Structures are given as C-alpha cells and as structure tokens.
Amino acid sequence: MAEKPPSEAPAEEVQTSNASRVISSPLARRLAEEAGVDLARIQGSGPHGRIVAADVEAANSAKGVLAPAATGAAVPAVAEAATPSAGVAASAVRGMSDQQIRALYPEGSYEFVPHDSMRRIIAQRLTQSSLTIPHFYLTVDCDIGGLLAAREEINNAAPQDKDGKPLWKLSVNDFIIKALAIALQRVPDANATWTESGMLKHRHSDIGVAVAIKDGLIAPLLRSAETKSLSVISNEMKELAERARARKLKPEEYLGGASAVSNLACMASRISPQ
C-alpha cells in the first residue's frame, strides 16, 4: 500500500510571498533579510513546516547555482542536502558585517574585488567542512642554520647607545615577520580579507603578532611590515608587546590585520620571543 504523503501546512502560511505570514523563527527571518532570501521560497524543516535558521542557510548556499524556484515549488536538491547542523554552525560563525570589516581599513589601502557565485559557494562549503569534518595538520622541520648565523652577525654589528646597550637585538620571530610580509607582497591573493560581498586585497602587509598577556592573547599589528628593516621590526615589536601586557594598546594597534604570526614557545611561557 502506498504511503500517504504527509500533510502540508496551509497555503497561506507557507506559499505566500508575504514573508510576515510565513511560519519562521526570528533568527531565520533576520538571516533571510541579511542574505536577501525570500522566505516564501523555502520549505521549512521545523515543526509544522516552520522555517529555521538552517533552512535559510541551506537556501542561501544554493544561490547562484540553481535558478530560483517558483513560489510553492520544492526546495532545490542542493539546499535539501545541507544538514540542519551545518546550517546552524554556519550561522554561528557569522561575524561582522561588510561595513564593519571595511571600516577597519583606511580608504585606498585595499582593492575591493566582488565575489562571483562560484567563489561564494566554495567559501560556504569550506566553512561547513571545517566545522563538521575532522582535520589533521602537517608540520615541517626547517634548517635555519644560515638564519641563526645571520642573526648573530647582525646583532654583533648593532651600534650602541650612550649607555653601551645595543640599539637592537633581533629575534628569530623578527625574521619570520619580515619573511611573511615579503611573501604577502609576492603573492597578493593571500594578502586579503573576506567579506560577504567581496575580497579586500590589501596593498600593504599588516602583520599581527601574537603576544601572551594575563588571561589571554592579543595580536598587535606591525603596519606595512614589508617596508621596514629587521631592526625597526624588532624594536617596534618589543614596544608593542610591552604596551600589550600593560593593556595600553589603542584599538587601531590590534584591529584590522590580514595575517598573523604566533610563536608557540612565547605563548606557552608568556615571554617575549628571543
């Protein structure tokens, strides 16, 4: 005997184009408004066809891939394939708005590149995978004998102040910061910040450096690190770290970076990298 199909919610509650009459949660309505999704085109998975946040996320992930469904039509297969847990997780990681992100960077310091539909879907799928699929990480051992020799030579050649103290003392971290800054200039696609509407491709390498403070971590920024010498990077980093531990950093000194460096030994022992 054929199974009787489940009863559907009244047409005026689910199939109307008036979103205010569609059964949906407050969070789902807010997410739909932000994403520009018509609630009337979504089939809810909640009790009595109620549209929940996961349904909005699933429908939004299919935008730009499938043609919009007609009013009252079934939800596209791609949208149905997304699990509620993935949708809830995706909504949980929503951060600042595009306007808030762009306000962190001075006008003219970046190039804005709008997303196409493929880039948007790739980003959504990668976010879902990072939250729902176990990951493993690779490490590599590096022979930095040449770097250590250069560091010692540069430090020995440092001029001294009137008290006989060297004007700089480079750490390995200083070399890493400089190397990352140069690498970001050579690979500009990596020197970027994501927003929902497009990528911000930065013209300078603003590097955040993790500093352990009481009860947490903070990453003060070395602005335009690609333009600075190792000695300048070293002295600026020491000064920023001291003020970070004293909780005297200004917001613009730790907000708005695009890449960061962390020294695990420094973070674990709460000391400056040497």
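None of these values were measured; they are calculated from a predicted model.

Observations regarding the overall build of the protein
The helix and strand inventory of the protein stands at eleven helices and eight strands. Residues counted as buried form 34% of the 274 residues belonging to the protein. Put simply, of all contacts in the protein between residues at least 6 apart along the chain, 62% involve residues at least 24 apart. Carbon and sulfur atoms form 57% of the exposed surface of the protein, whose accessible area is close to 17000 Å².

Some remarks on the sheet that holds strand β8 (residues 259–261)
Two strands in a sheet stick together by hydrogen bonds in their backbones, pointing the same way (parallel) or opposite ways (antiparallel). The strand order β7-β4-β8 describes an open sheet built from three strands, whose pairing is mixed. One side of each edge strand has no neighbouring strand; the edge strands of this open sheet are β7 (221–222) and β8.

What about the pairing of strand β3 (residues 198–202)?
Relative to β3, strand β1 (residues 110–114) runs antiparallel, the two sharing five bridges. Along β3, the bridge assignment pairs Pro114 with Gly198. Relative to β3, strand β2 (residues 192–194) runs antiparallel, the two sharing three bridges. Each residue of the ladder has a partner; that of Thr193, found in β3, is Leu200. Linking two consecutive strands that pair antiparallel, namely β2 and β3, is a turn of three residues.

Describing the pattern of salt bridges
Across all of its chains, the model carries six salt bridges by this definition. Close ionic contact of Arg243 with Glu239 constitutes a salt bridge, the shortest N to O distance being 2.5 Å. With Arg243 and Glu239 both in helix α10 (residues 230–245) and four residues apart, this pair spans about one turn of that helix. Accessibility expressed as a relative area gives 36% for Glu239, which makes it partly exposed. Across the pair Glu253 and Arg243 runs a salt bridge whose closest N-O atoms are separated by 2.5 Å.

Focus on a nonpolar patch on the surface
A contiguous nonpolar patch, built from Met118, Ile122 and Leu126 and spanning about 310 Å² of accessible area, is present on the exposed surface. If you trace the backbone, Met118 turns up in helix α7 (residues 117–132).

Digging into the sheet that holds β3
Reading across from one edge, β1-β3-β2 is the order of the three strands in this open sheet, with antiparallel pairing throughout. The open sheet is flanked by β1 and β2, the only strands paired with a single partner. Neighbour-to-neighbour, the strand axes of this sheet turn through a mean angle of 25 degrees, independent of strand direction.

A short note on unusual backbone geometry
Glycine aside, the phi torsion of most residues is negative, and most peptide linkages are trans. Not every positive phi belongs to a glycine, and Ser224 is a case in point at roughly 50 degrees. Looking at the secondary structure, you find Ser224 in the loop between β7 and α10. The phi dihedral of Arg247 is positive, around 55 degrees, even though this residue is not glycine. If you trace the backbone, Arg247 turns up in the loop between α10 and β8. Looking at Arg247, the relative accessible area reads 57%, which means it is exposed.

Some points on the packing of helix α9 (residues 172–186) against α10
Contact geometry for α9 and α10: axes closest at 9 Å, N-to-C directions at 115 degrees. Considering the relative orientation of α9 and α10, their crossing is right-handed. Residues Asp174, Phe175, Ile177 and Lys178 of α9 touch α10, and the partners they reach there are Leu230, Ile233, Ser234 and Met237. Among the residues forming the contact of α9 with α10, the class breakdown is five nonpolar, one polar and two charged.

Some remarks on the packing of aromatic side chains
Tallied over the entire structure, the rule returns one aromatic pair. Just above the ring of Phe112 sits the side chain of Arg102; from NZ or CZ to the centre is 4.5 Å.

As for the side chain of His115
Within the secondary structure layout, His115 lies in the loop between β1 and α7. The buried category is assigned to His115, whose relative accessible area is 12%. One polar contact links the side chain of His115 to the main-chain amide nitrogen of Gly198, over a distance of 3.3 Å. Not counting residues within four places of it along the chain, the set of residues in contact with His115 comprises Arg120, Trp194, Thr195, Glu196, Ser197, Gly198 and Met199.

Rules of the game
Residues numbered from 1 in each chain as written. Predicted model: local features only at pLDDT ≥ 70, side-chain atom pairs only at ≥ 80, totals over all residues. Heavy atoms only, no water. Helix = DSSP H or I, 4+ residues; strand = E, 2+ residues; numbered from the N terminus. Buried < 20%, exposed > 50% of the residue type's maximum accessible area, 1.4 Å probe, protein only. Contact = heavy atoms within 4.5 Å. Areas by Shrake-Rupley, 256 points an atom, 1.4 Å probe, with all protein chains shown as cover. Pairing = 2+ DSSP bridges. Salt bridge = Lys/Arg side-chain N within 4 Å of Asp/Glu carboxyl O. Patch = residues over 30% accessible without salt bridge, like charges linked within 9 Å, V, L, I, M, F, W, Y side chains within 5 Å. Axes fitted to C-alpha atoms, helices over the stretch in contact; angles between N-to-C directions. Left-handed = near helix turned anticlockwise from the far one by under 90°. Nonpolar A, V, L, I, M, F, W, Y, C, P; charged D, E, K, R; others polar. Phe/Tyr/Trp six-rings, centres within 6.5 Å; stacked < 30°, edge-to-face > 60°. Lys NZ or Arg CZ within 6 Å of the ring centre and 35° of its normal. Polar contact = N/O pair within 3.5 Å; in protein donor to acceptor, adjacent residues only side chain to side chain.

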